[in-house]
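Listed below, chain by chain, are the residues.
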Amino acid sequence: MNVALLSKWHVHAVDYAREAMENEAITIKTVWDENEERGTQWAEELGVSYEADLQNVLDDSNIDGVIVTTATNRHKEVIIAAANHGKHIFTEKVLAFTVKECEEILEAVDRNNVQLMVNLPRLTESFYLYAQQALDKGLLGDLTYIRCRVAHNGSVPSEENPKGWLPPHFYNKEECGGGALIDLGAHPIYLTNRLGGKVKAVSGKLNEFYNLGVDDNAVVMVEYDSGAMGMIETGFLSYGSPQQLELYGTEGTLMVEGQDVRIKSKHLGREDWVKPELPNPLSSNMGQWVEAIEKGLGPVVTRDDILNLTAINEAAAISSQEGRRVALSELTFEQKI
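Residues numbered from 1 in each chain as written. Predicted model: local features only at pLDDT ≥ 70, side-chain atom pairs only at ≥ 80, totals over all residues. Heavy atoms only, no water.

(A) Region of interest: empty space enclosed by the protein. As enumerated under the stated definition, the model contains one cavity of 30 Å³ or more in all. Its volume calculated, the largest cavity comes out at about 100 Å³. Around the largest cavity, the lining residues are W9, H10, T72, K93, V94, F170, C176, G178, G179, I182, D183 and F236. (1 Å grid on protein atoms, 1.4 Å probe; cavity = no way out; pocket = protein on both sides within 12 Å on 5 of 7 lines; lining within 4 Å. Points joined across faces, edges and corners; volume = space filled by probe spheres on them.)

Okay, here's the thing in structure tokens:
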């Protein structure tokens, strides 16, 4: 499958290019970037051509798919154009700023019968797969509370980087749509969406600790239709912060820190913590994208994952701005978790 790389704007663009090169089914043919200097340099590093005109890339019948790592505010324009030219699409989270924009993108994908993959990598990892199994098997009883935290120190100032190691454009609200929550917070959002079930309402606080123009610390309290509650935490201000996932139920508790998983359940025949055997991870989202195109296999990332990720972000931003609880029914779609 011949692909074009569309922009090096996102910090993960280099990772996706590397993964594509390591996948025997993918050949990178060209690079387009809205920043010609950046794009030309990237193309030279990869040993491929640079094309300054996006339309020329999309008109090229030899290009089967595109890897989109533009600024998020260009996702709708670029992805719909790619779909309309029959290109399969792999892109970085989030798909778009609003549920309405996501629905417009998905309509174009359906109309043109192309495969869209939004990279939500932790849904392929062993810790999540085990957590889902534990819930499904009833090891925790009724889930009553869920907490998930993913954070790093990307905005912590240093002598070398006064605004941290994240690229300066990550603080451009017009391009990014926000800061920590819409970027890094995607991981705890899609994980808790999967594990907690259908969300009824959220109350969010997006804080600007260093006044960078976007949130660098965020907390979202979630109310589920089941009656359970949840807490989503993220930020760009934490040194050494491990990924944490906690599930509390009427008959058990599951704790994840990094890849370390332990469970205490009345169904396991012992009172102390147990370190369970974890399932093997699934193939990466990019690998699943290729399998969906070549073999028609269904990827682990669903449309509900994509829509609900944006929905929580959209509702949390409204909540923080207006200082109120926001019901997801206020948004322009019916959530289908």
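Let us keep going from here.
(B) Representation of unusual backbone geometry in the model. Residue K93 is joined to V94 through a cis peptide bond whose omega torsion reads -5°. Here V94 shows up in the loop between β5 (88-92) and α5 (99-112). For S7, which is not glycine, the phi torsion reads 85° and is therefore positive. Inspection of the secondary structure puts S7 in the loop between β1 (2-6) and α1 (13-22). Positive phi outside glycine occurs at N211, with the angle close to 50°. (Helix = DSSP H or I, 4+ residues; strand = E, 2+ residues; numbered from the N terminus.)

(C) How the structure looks around the sheet that holds strand β8 (residues 199-207). The strand order across the open sheet formed by eight strands is β13-β12-β11-β7-β10-β9-β8-β14, and the pairing between neighbours is mixed. The outermost strands of the open sheet, each flanked by one partner alone, are β13 (260-265) and β14 (326-327). Set on the sheet, helix α10 (residues 303-322) makes contact with β8, β9 (217-224), β10 (229-235) and β14; between it and β8 the angle comes to about 60°. (Pairing = 2+ DSSP bridges. Contact = heavy atoms within 4.5 Å. Axes fitted to C-alpha atoms, helices over the stretch in contact; angles between N-to-C directions.)

(D) Highlighting the environment of A180. Turning to its location among the elements, A180 is positioned in the loop between α7 (173-176) and α8 (186-196). On the basis of relative accessible area, A180 is assigned to the buried category, the value being 0%. For the pair formed by A180 and S155, sequence separation is 25 residues and the distance between their alpha carbons is 9.5 Å. (Buried < 20%, exposed > 50% of the residue type's maximum accessible area, 1.4 Å probe, protein only.)

(E) Representation of the pairing of β1 in the model. Summarising burial for β1: four of the five residues are buried, a large majority. One crossover worth recording links β1 to the parallel strand β2 (residues 27-32) by way of α1, and it is right-handed. In this structure, β1 lies alongside strand β4 (residues 65-68), joined through four bridges in parallel fashion. Paired with L5 across the two strands is I67, which belongs to β4. (Right-handed = clockwise from strand over helix to strand, strands pointing away.)

(F) Looking closely at the packing of aromatic side chains. Counted according to the given criterion, the structure contains five aromatic pairs. Centre to centre, the rings of F90 and W289 are 5.7 Å apart; their planes meet at 55°, and the pair counts as tilted. Pair noted here: F90 is in strand β5 and W289 is in helix α9 (residues 285-295), with a separation of 199 residues, a long-range link. Taking the relative accessible area as the measure of exposure, F90 reaches 0% and is therefore buried. Judged by its relative accessible area of 1%, W289 falls in the buried class. Each ring, one from F209 and one from Y210, has its centre 5.0 Å from the other, and the planes form 85°; the classification is edge-to-face. A relative accessible area of 35% places Y210 in the partly exposed class. Here the aromatic residues Y16, F90 and W289 are joined through ring pairs into a cluster of three or more. Here the guanidinium or amino end of R262 rests over the ring plane of W273, the centre of that ring lying 4.4 Å away. (Phe/Tyr/Trp six-rings, centres within 6.5 Å; stacked < 30°, edge-to-face > 60°. Lys NZ or Arg CZ within 6 Å of the ring centre and 35° of its normal.)

(G) Quick peek at the pattern of salt bridges. Tallied over the entire structure, the rule returns 20 salt bridges. With a closest N to O distance of 2.8 Å, R38 and D33 form a salt bridge. Since its relative accessible area comes to 22%, R38 is described here as partly exposed. A salt bridge links R270 to D272; its shortest N-O distance comes to 2.9 Å. Taking relative accessible area as the criterion, D272 reaches 40% and is therefore assigned partly exposed. Among the ionic contacts, a cluster of salt bridges with common partners joins R147, R149, E233 and E246. (Salt bridge = Lys/Arg side-chain N within 4 Å of Asp/Glu carboxyl O.)

(H) Looking closely at the packing of helix α4 (residues 75-84) against α5. Across the interface, α4 lies against α5 with an axial gap of 8 Å and an inter-helix angle of 10°. Our classification of the angle between α4 and α5 gives roughly parallel. Mapping the contact onto sequence places K76, I79, I80, A83 and N84 in α4 and E101, E104, I105, A108, V109, R111 and N112 in α5. The residue makeup of the contact of α4 with α5, split by class, is six nonpolar, two polar and four charged. (Parallel < 35°, antiparallel > 145°, perpendicular 65-115°, else oblique. Nonpolar A, V, L, I, M, F, W, Y, C, P; charged D, E, K, R; others polar.)

(I) Quick look at the environment of L245. Locating L245 in the fold gives a position in strand β11 (residues 244-249). Non-local contacts of L245, meaning those with residues more than four positions away in its chain, are made with F127, A131, I146, R147, C148, L195, L254, M255 and V256.

(J) Spotlight on the nonpolar core. Counting 95 residues, the largest nonpolar core has L6, V66, I67, I89, L245, L247 and W289 as the members making the most contacts within it. Excluding anything up to four places from it in sequence, L247 contacts A131, L135, L140, L143, Y145, I146, L195, G252, T253 and L254. Counting twelve residues, the second-largest nonpolar core is a separate cluster that includes W9, A71, F170 and Y171. (Core = buried A, V, L, I, M, F, W, Y, C linked by side-chain atoms within 4.5 Å.)

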